[in-house]
Amino acid sequence: MFGIGKPKNPEEHRYYLLPGQGRGARRKHRQHLMIAWVVGIVAASVLGLALWFLNQRN
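Residues numbered from 1 in each chain as written. Predicted model: local features only at pLDDT ≥ 70, side-chain atom pairs only at ≥ 80, totals over all residues. Heavy atoms only, no water.

## Concerning the overall build of the chain
Spelled out, the test is: Counting from the N terminus, the helices are the DSSP runs of H or I reaching at least four residues and the strands are the DSSP runs of E reaching at least two. Relative accessibility thresholds used throughout: buried, under 20% of the residue-type maximum; exposed, over 50%; partly exposed, between the two (1.4 Å probe, protein chains only).
Scanning the chain from terminus to terminus reveals 1 helix and 0 strands. Looking at the chain residue by residue over its 58 residues, the buried ones come to 0%.

Encoded structure:
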């Protein structure tokens, strides 16, 4: 009566999306993953070069 009570399909209202799970989430996840890879490669290269230069001095 007057739209009060149980919804017609209770399963429809069971789940909800958290922020970042909507449209474009897959693209954003892939972008963050690629940025993480680039930062990791750059950091590993800098650390490797620093260790190499320290070993060359001895």
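Now that the structure has been shown, we can carry on.
## Concerning the packing of aromatic side chains
Convention followed: Here a Phe, Tyr or Trp ring, Trp counted by its six-membered ring, pairs with any other such ring whose centre lies within 6.5 Å, and the pair is stacked when the planes are under 30 degrees apart, edge-to-face when over 60, and tilted otherwise.
The full count for this structure, using the stated rule, is 1 aromatic pair. Ring geometry for tryptophan 52 versus phenylalanine 53: centroids 5.1 Å apart, planes at 65°, classification edge-to-face.

## Notes on a positive patch on the surface
How we decide: The patches reported here contain residues having more than 30% relative accessible area and no salt bridge. Joining distances are 9 Å for like charges and 5 Å for nonpolar side chains (Val, Leu, Ile, Met, Phe, Trp, Tyr). Only the protein chains shown count as covering a residue, and every accessible area follows the Shrake-Rupley method with a 1.4 Å probe. When a carboxyl oxygen of Asp or Glu is within 4 Å of a side-chain nitrogen of Lys or Arg, the pair counts as a salt bridge. Charge assignment: positive for Lys and Arg, negative for Asp and Glu; neither His nor the chain ends contribute. The location of each charge is read from NZ of Lys, CZ of Arg, CG of Asp or CD of Glu.
Residues Arg26, Arg27, Lys28 and Arg30 make up a contiguous surface patch of positive charge. Relative to the elements of secondary structure, arginine 26 occurs in helix H1 (residues 25–56).

## So, a nonpolar patch on the surface
Taken together, the side chains of Leu33, Met34, Trp37 and Ile41 define a hydrophobic patch exposed on the protein surface, amounting to about 450 Å² of accessible area. Within the secondary structure, tryptophan 37 is located in helix H1. Classification of tryptophan 37 by relative accessible area gives exposed; the value is 54%.

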